[in-house]
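# Structure assessment
Below, each chain spelled out in residue letters.
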Amino acid sequence: MRLISSLFLFFLVVSATAGSSGRTVANKILKKPAARHPCKRLVFYFHDIIYNGQNAKNATAAIVGEPSGGNKTILAGQNHFGNLVVFDDPITLDNNLHSTPVGRAQGFYLYDKKDIFTAWLGFSFVFNSTQHKGSINFAGADPLMNKTRDISVIGGTGDFFMARGIATLLTDAFEGEVYFRLRVDIKLYECW
Amino acid sequence: MRLISSLFLFFLVVSATAGSSGRTVANKILKKPAARHPCKRLVFYFHDIIYNGQNAKNATAAIVGEPSGGNKTILAGQNHFGNLVVFDDPITLDNNLHSTPVGRAQGFYLYDKKDIFTAWLGFSFVFNSTQHKGSINFAGADPLMNKTRDISVIGGTGDFFMARGIATLLTDAFEGEVYFRLRVDIKLYECW
Amino acid sequence: MRLISSLFLFFLVVSATAGSSGRTVANKILKKPAARHPCKRLVFYFHDIIYNGQNAKNATAAIVGEPSGGNKTILAGQNHFGNLVVFDDPITLDNNLHSTPVGRAQGFYLYDKKDIFTAWLGFSFVFNSTQHKGSINFAGADPLMNKTRDISVIGGTGDFFMARGIATLLTDAFEGEVYFRLRVDIKLYECW
């Protein structure tokens, strides 16, 4: 009799956990902070050199959109509000621009605030090495005056098939309006 | 004997539900309309004032890309096809532009159809108040002549860690080509 | 006794599969390649005709951002680095531009590499037919010199509510710098 009632209880528990209400239940479980352990973690640096009219060879990024009165070789006033920049930046494992790249960060960012530096990013990390093959796709707001900022990992391909997670950005260095380096701490919470 | 066969049946059922095939099974469960209850719901308004050459102080958005023949202070003909707009818009809890903002909507939209008004959006809601800290990231098509339009919540950070869902947009007001207000009904179906 | 120990074992198995640790466990299951079966698969073609100054009526896409020295009717040198293109392209079921469209591909792409053709895409498939209603949202890097490229399905609405997956792109045809056709093989791994 004890066995049967245990079984009955068990049935109820399992039903509530994996039964009719599906993901809704999973969400309730996942709300526990204890569940927020990354299933994969990766740290990279990437390096952005903006074209200023004189550095065509070394530049990895270019202004392609600007507000009224702006131009393509000087970032706009008012905290660059309205500048859209396309980039193909080398990714390195350490903070040295001259280290051998392990992949490319490709996409765009745009400055979107008049009274402070703030950006919005849409880009991918593209890997094709013995270590990583595939891509990680990112999107999100980058309030870059904050020491660290979180953006979303919205998908991935290859080794990062269907990945989701959070990437924490840190401005590791910047030199005037031509060069900056971001440290990207990628924490995936969905790994397939 | 009846107990054992019940158990065996039970085992089969649970295996099929939560066992070896993982998320595929979860998906089958989730296909049931009954499972489509948001785990979180939020309604906000945001307000977009486009720079027209004379409203620099109040403008919250600017044209930064335009088709051949276009300019930065007048939206293009042919339903603005090809215009790219960067914005930093106040978010309010009600439909009053002058209410205290609870956050900022930041990112871009572009008009992408010649024969009707239609847009594509990539942006974030950025919160830093006692009520909400973190961001919600959005992307999707906005066929804005429809009364309501659904876009995707593709991720989130902070209070909205790893969120996914749907945001239903409604054009609550517009005044010529300078001001519009969107009502955003956010329904999250994945909450962590 | 054998029954009780079986039950105990069963309890452990179920606990590990669907129990307290939620999605983390699901991820472990999902890492098995066997779980990578699409829950939905769709193949479409879309057709992009870039405005070149003389094809206003037929063009489905326009250059709206360009690097320093570029213009809006001729794609830029250096593999079009810095060109941003907005599009509203017909989607067809076969590879014939003149087939009846089943929807529209709407959004943008940008060329983001100086030494080879490579793009980054943010767009939606928008359907409003008897067969499909709703949208599928995409983002990702498109190294278009590769025969096939994977991008992410980052969300969906309507019939594609909350979809996630991978879309494999193949350049099915191109004619100079005015027309190209992509074959898109959509594999959804999360269906609701």
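Residues numbered from 1 in each chain as written. Chains lettered and ligands numbered in written order. Predicted model: local features only at pLDDT ≥ 70, side-chain atom pairs only at ≥ 80, totals over all residues. Heavy atoms only, no water.

## Here's the deal with the overall build of chain A
The test is simple: The helix count covers DSSP runs of H or I at least four residues long, the strand count covers runs of E at least two residues long, and both are numbered beginning at the N terminus. Should any heavy atoms of two residues lie within 4.5 Å, those residues are counted as being in contact. All accessible areas in this document rest on Shrake-Rupley with a 1.4 Å probe, and a residue is counted as covered only by the protein chains that are shown.
The number of helices and strands found in chain A is 3 helices and 9 strands. When the helices and strands of chain A are read in sequence order from the N terminus, they spell out α-α-β-β-α-β-β-β-β-β-β-β. Residue pairs at least 24 apart in sequence account for 46% of intrachain contacts in chain A once pairs closer than 6 positions are excluded. Accessible surface, chain A: about 7900 Å² in total, of which carbon and sulfur atoms supply 57%.

## What about the pattern of salt bridges?
Heads up, the rule is: Take a side-chain nitrogen of Lys or Arg and a carboxyl oxygen of Asp or Glu: if they are within 4 Å of each other, that pair is a salt bridge. Exposed residues in this analysis have more than 50% of their type's maximum accessible area, buried residues have under 20%, and partly exposed residues fall in between, with area computed by a 1.4 Å probe over protein chains only.
For the structure shown, the criterion picks out 30 salt bridges over all chains. For Arg181 of chain A, the salt bridge identified is with Asp172 of chain A, shortest N-O distance 2.7 Å. We classify Arg181 of chain A as buried; its relative accessible area is 13%. Among the residues examined, Asp172 of chain A registers a relative accessible area of 27% and is labelled partly exposed. Sharing partners across several salt bridges, the network here consists of Glu66 and Lys72 of chain A, Glu66 and Lys72 of chain B together with Glu66 and Lys72 of chain C.

## Looking at the confidence of the model for chain A
Residue and element names in this part refer to chain A. Operational definition: Looking at any residue, its pLDDT shows the predictor's confidence there, from 0 to 100.
On average, residues of chain A score 86 in pLDDT, and 82% of them are at 70 or above. For the stretch residues 5-34, pLDDT sits under 50, and the model shows 56 contacts to residues farther than four places along the chain or on other chains. As scored by the predictor, the complex reaches a pTM of 0.86 and an ipTM of 0.84.

## Considerations on the packing of aromatic side chains
So the rule is basically this: Here a pair means two rings of Phe, Tyr or Trp (six-membered ring of Trp) with centres within 6.5 Å. Their orientation is stacked below 30 degrees between planes, edge-to-face above 60, and tilted elsewhere.
Per the stated rule, a full pass over the model turns up 60 aromatic pairs over all chains. Both rings, one in Phe46 of chain A and one in Phe123 of chain A, keep their centres 5.7 Å apart while their planes meet at 45 degrees; by these two values the pair is tilted. Note that Phe46 of chain A is positioned in strand E1 (residues 40-49) and Phe123 of chain A in strand E5 (residues 119-128), a separation of 77 residues in sequence. Classification of Phe46 of chain A as buried rests on a relative accessible area of 2%. According to the relative accessible area criterion, Phe123 of chain A is buried, its value standing at 0%. Judged by centre distance (6.3 Å) and plane angle (70 degrees), the ring pair of Trp192 of chain A and Tyr189 of chain C falls under edge-to-face. Remark: Tyr189 of chain C occurs in strand E9 (residues 179-190) and Trp192 of chain A occurs in the segment after strand E9 (179-190); the pair is interchain, linking two chains. Take Tyr189 of chain C: its relative accessible area is 9%, and that puts it in the buried class. Members of the aromatic cluster, each reached through a chain of ring pairs, are Phe44, Phe46, Phe87, Tyr109, Tyr111, Phe123, Phe125, Phe127, Phe138, Phe160 and Phe180 of chain A.

## Examining empty space enclosed by the protein
Operational definition: For cavity detection a 1 Å grid was placed over the protein atoms alone, and a set of points counts as a cavity when a 1.4 Å probe fits there but cannot get out; an open set counts as a pocket when protein lies on both sides within 12 Å along at least five of seven lines, with lining residues being those that have an atom within 4 Å of a point. Grid points are joined across faces, edges and corners, and a volume is the space filled by probe spheres set on the points. Each residue is assigned to one of three groups, with Ala, Val, Leu, Ile, Met, Phe, Trp, Tyr, Cys and Pro labelled nonpolar, Asp, Glu, Lys and Arg labelled charged, and all others, Gly among them, labelled polar.
One pass over the full model with this rule turns up 3 cavities of 30 Å³ or more. Put simply, the second largest cavity is a space of about 90 Å³. Within the residue set of the lining of the second largest cavity, elements represented by two or more residues are E5 of chain A, strand E5 (119-128) and strand E6 (133-142) of chain B together with strand E5 (119-128) of chain C. For the lining of the second largest cavity, the per-class residue count stands at 13 nonpolar, 3 polar and no charged.

## Quick word on the pairing of E5 of chain C
All names here are of chain C. Rules: Should DSSP find at least two bridges between two strands, the strands are regarded as paired.
In terms of burial, E5 is largely enclosed, as 8 of its 10 residues are buried. When strand E4 (residues 103-111) meets E5, the two strands line up antiparallel, connected through 8 bridges. Paired with Gly107 across the two strands is Phe123, which belongs to E5. As paired elements, E5 and strand E6 (residues 133-142) share 10 bridges and run antiparallel to each other. Bridge pairing in E6 links Gly122 to Ala139. Counted along the chain from E5 to the antiparallel partner E6, the turn is 4 residues long.

## Brief notes about the environment of Arg181 of chain A
Residues and elements named next belong to chain A. To keep it simple, the criterion reads: Two N or O atoms form a polar contact when they lie within 3.5 Å of each other; inside protein one atom must be a possible hydrogen donor and the other a possible acceptor, and for residues adjacent in sequence the pair counts only when both atoms belong to side chains.
Its place among the elements puts Arg181 in strand E9. Excluding residues within four positions of it along the chain, Arg181 makes contact with Tyr45, Phe46, His47, Asn95, Leu170, Thr171, Asp172 and Ala173. Here the side chain of Arg181 touches Asn95 through a polar contact of 3.1 Å, landing on its backbone oxygen. Within the structure, the side chain of Arg181 is placed 3.3 Å from the side chain of Tyr179, a separation counted as a polar contact.

## Description of the state of the cysteines
Residues and elements named next belong to chain A. Formally: Criterion for a disulfide: a pair of cysteine sulfur atoms at a distance within 2.5 Å.
Inspection of every chain in the model, using the stated rule, returns 3 disulfides over all chains. In this model Cys39 forms its disulfide with Cys191; the gap between the sulfur atoms is 2.0 Å. Linking Cys39 and Cys191, the disulfide has an S-S dihedral of approximately 90 degrees and is accordingly described as right-handed. Residue Cys39 is found in the loop between helix H2 (23-30) and E1, and its partner Cys191 is found in the segment after E9; the two are separated by 152 residues along the sequence. Cys191 gets classed as buried once you look at its relative accessible area, which sits at 9%.

## Let's talk about unusual backbone geometry
Notably, Gln78 of chain A is not glycine yet its phi reads approximately 50 degrees, a positive angle. In this structure Gln78 of chain A comes out as exposed when scored by relative accessible area, which is 51%.

## Thoughts on the pairing of E6 of chain C
Residues and elements named next belong to chain C. Taken across its 10 residues, E6 has 9 buried, putting it largely inside the fold. Two elements, E6 and strand E7 (residues 148-158), share 6 bridges in a ladder whose sense is antiparallel. Looking at the pairing, Phe138 lines up with Val153 of E7. Linkage of E6 to E7, two consecutive antiparallel strands, is achieved through a turn of 5 residues.

## Regarding the side chain of Asp89 of chain C
Residue and element names in this part refer to chain C. Counted only if it meets this: Just so you know, the count uses Lys and Arg for positive and Asp and Glu for negative, and it drops His and the chain ends.
Mapped onto the elements of the fold, Asp89 is located in strand E3 (residues 84-92). No salt bridge is formed by the buried Asp89, whose closest oppositely charged neighbour, Arg104, lies at an N-O distance of 6.3 Å. Once you skip the residues sitting within four places of it in the chain, Asp89 turns out to touch Phe46, His47, Asp48, Thr60, Gly103, Arg104 and Ala105.

## Overview of the environment of His47 of chain B
All names here are of chain B. Checked against the element boundaries, His47 lands in strand E1 (residues 40-49). Residues contacting His47, with those up to four places away along its chain left out, are Thr60, Asp89, Pro90, Thr92, Asp94, Asn95, Asn96, Leu97, Tyr179, Phe180 and Arg181. For His47, the side chain forms a polar contact with the side chain of Tyr179, separated by 2.8 Å.

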